[in-house]
Amino acid sequence: MFSRVLMSSLFFALALSKPLARTMRVHERRESAPSGFTLNGPASPDTVLTLRIALVQSNPQGLEDALYAVSTPSSPQYGQYLTKEEAAQYVAPAAASVEAVHSWLAENGLNATTMTPAGDWLSVKMPVSQANELFATDFQVYTHTTGKQAIRTLEYSIPAGLSGHLDLVHPTTTFPVPSLIKPHVRAAQNFTVTPQASSCGTTITPACLLSLYGIPKTAATESSNVLAVTEYEEQYVLKSDLKSFLKKYRTDISSTTSFTTTTLDGGSNPQQSGEGSGEGDLDIQYTVGLATGVPIQLIMVGDNTNDGDLDGWLDTINYLLNENSPPQTVTTSYGGNEGDFSNSLMKNYCNAAAQLGARGVSILFSSGDGGVTGGQNQDCDTFQPVFPASCPYITSVGATNGISPETAAYFSSGGFSNYFSAPSYQSSAVSSFLTNLGSTNDGLYNPSGRGFPDVSAQGVNFQIVQNGAVGGVDGTSCASPAFASVVSLINDRLLAAGKPALGFLNPWLYSTAAGALNDVTSGNNPGCGTDGFYAGSGWDPVTGLGTPNFNKLLSAAGL
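Residues numbered from 1 in each chain as written. Predicted model: local features only at pLDDT ≥ 70, side-chain atom pairs only at ≥ 80, totals over all residues. Heavy atoms only, no water.

A.B. asks: Talk me through the sheet that holds strand β3 (residues 48-55); I want residue IDs and the actual numbers.
C.D. replies: Pairing is antiparallel across the open sheet formed by four strands, whose spatial order is β4-β5-β3-β9. Strands with a single pairing partner mark the edges of an open sheet, and in this sheet they are β4 (113-114) and β9 (166-170). Looking at chain direction, β3 and strand β5 (residues 121-127) are connected through seven bridges and run antiparallel. Each bridged residue has a counterpart across the sheet, and for Val48 the counterpart in β5 is Pro127. Taken strand by strand, helix α5 (residues 95-107) contacts β3, β5 and β9, and its axis lies near 160° from that of β3. (Pairing = 2+ DSSP bridges. Helix = DSSP H or I, 4+ residues; strand = E, 2+ residues; numbered from the N terminus. Contact = heavy atoms within 4.5 Å. Axes fitted to C-alpha atoms, helices over the stretch in contact; angles between N-to-C directions.)

Below, the structure is given as structure tokens:
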């Protein structure tokens, strides 16, 4: 046995050591840097890079099959969620892949750290000079119009012997994401004199949403049912703002109701006057203020990220994967255009979301605020899908405004992925929309792609308290925490009845729960010199299947 193991190790060492490593194959390439980035010149050879290496996953199709089995109401396995170990085994790389990559790194004097339970992500540090040699590339310094600098390359290669073992090296061809979804904050007013809104048709408060969507005020009872809110880019949350918000808008619950905080990547949540942010205050005030009694967890991600300028997204999902008991529901109001990410990076991130879904976690992302132009309004020749909203294992939330009836918010991003194909759970709904669409927008979008958003909720003029003053906020950033609050309250009822939580929502939403949503049939999301897509009967790529009706959704969940 010893001799066989030794011979195997020698084989990999010989196959992947430096002499043979000159047989290189281009692994990822992009034609040019994304819009807004300018080349400055070669990176200093002494600069140390922290690279993430993704190994080829053993059975991603098996993971998808398992995810759908536990998430589809008609399946015999519905609600029988996987353990952390069971989910991880589908993406765990083959032993040969682990040995090949680690042997190659060792031959070059490098040691990698395993980052995930499945062992499919590694982290390794090396100077630019060594990275240039190992990957047959030239790392360069690029500067964005915002002033942010990044060391990237337009292509890199790997040894031919690692093909089929090494899936991705990051950050290489994926640049920092400038097109983050951020809410538009209207001018704040002095808190002490701002009058209560007189009409829910123009101004949104918790009372408006509770009434509009039939959300109960009765406090949740299950302490294990956690709703997590993720924050990035120093979007701090002031507890004093939450207290003032509850005193003004939820007088029926204690103004001392609060949240717990988990910090990643050196994150913090300072409470000094003036530190409150539009995004952070919005997300917490409209989860605490809607999901009455549900434990709220703030995941605050700092700037010391380890995921190559993804602002901590990858670090966050890996943190959740490593948790033995992750929160039942997670809402995130950030995203970027698909074109800003490499296909391999999107695939690996999305498979991480599939693992969490298979474990019973509902993941919701806002769909974006640029209509068909992407995460934010911008010039474009073709429609720009938004990621992670386009991931088929995530529930994407668009925005509406107005009441009686609700209509699509003009900024609500939606469309079709250029990378992910349409999943089976939405094939019928998407097909019906495309049939009605006809030739409109031909050539501007991918008709075979995954359609998004999946659902929607109000997203215009949400009243928040920021640094002691009241202001209005617009964006799908409003809609995602609102819909997530509804999900978490249904989960509370399910757990109290001895039933499993909803988990990955989409197969349920497009089947049993499709009739439990308020269909939005007017409005559109213009961009790229077009009217974009129009909302209509059934699913559409502006408002998805519609907005929540709590009692109908509760019934669709079997209660």
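Past the structure itself, the notes keep going.
A.B. asks: Break down the packing of helix α3 (residues 60-71) against helix α4 (residues 84-91) for me, with residues and values.
C.D. replies: With their axes 6 Å apart at the nearest point, α3 and α4 run at an angle of 140° to one another. Regarding the angle of α3 to α4, the classification is oblique. Between α3 and α4, the contacting residues are Pro60, Gly62, Leu63 and Ala66 on the first element and Ala87, Tyr90 and Val91 on the second. Partitioned by chemical class, the residues of the contact of α3 with α4 number six nonpolar, one polar and no charged. (Parallel < 35°, antiparallel > 145°, perpendicular 65-115°, else oblique. Nonpolar A, V, L, I, M, F, W, Y, C, P; charged D, E, K, R; others polar.)

A.B. asks: Mind laying out unusual backbone geometry, listing which residues take part and the relevant values?
C.D. replies: The omega torsion of the bond from His170 to Pro171 falls at 5°, within 30 degrees of zero and hence cis. Locating Pro171 in the fold gives a position in the loop between β9 and β10 (184-185). Of the consecutive residues Phe452 and Pro453, the connecting peptide bond is found in the cis state with omega at 5°. With respect to the helices and strands, Pro453 occurs in the loop between β22 (449-452) and β23 (455-458). The residue Glu233 is not glycine, and still its phi comes out positive at about 55°. Relative to the helices and strands, Glu233 resides in the loop between β12 (227-231) and α8 (239-249).

Honestly, that's just the spatial picture; any functional story needs more than this.
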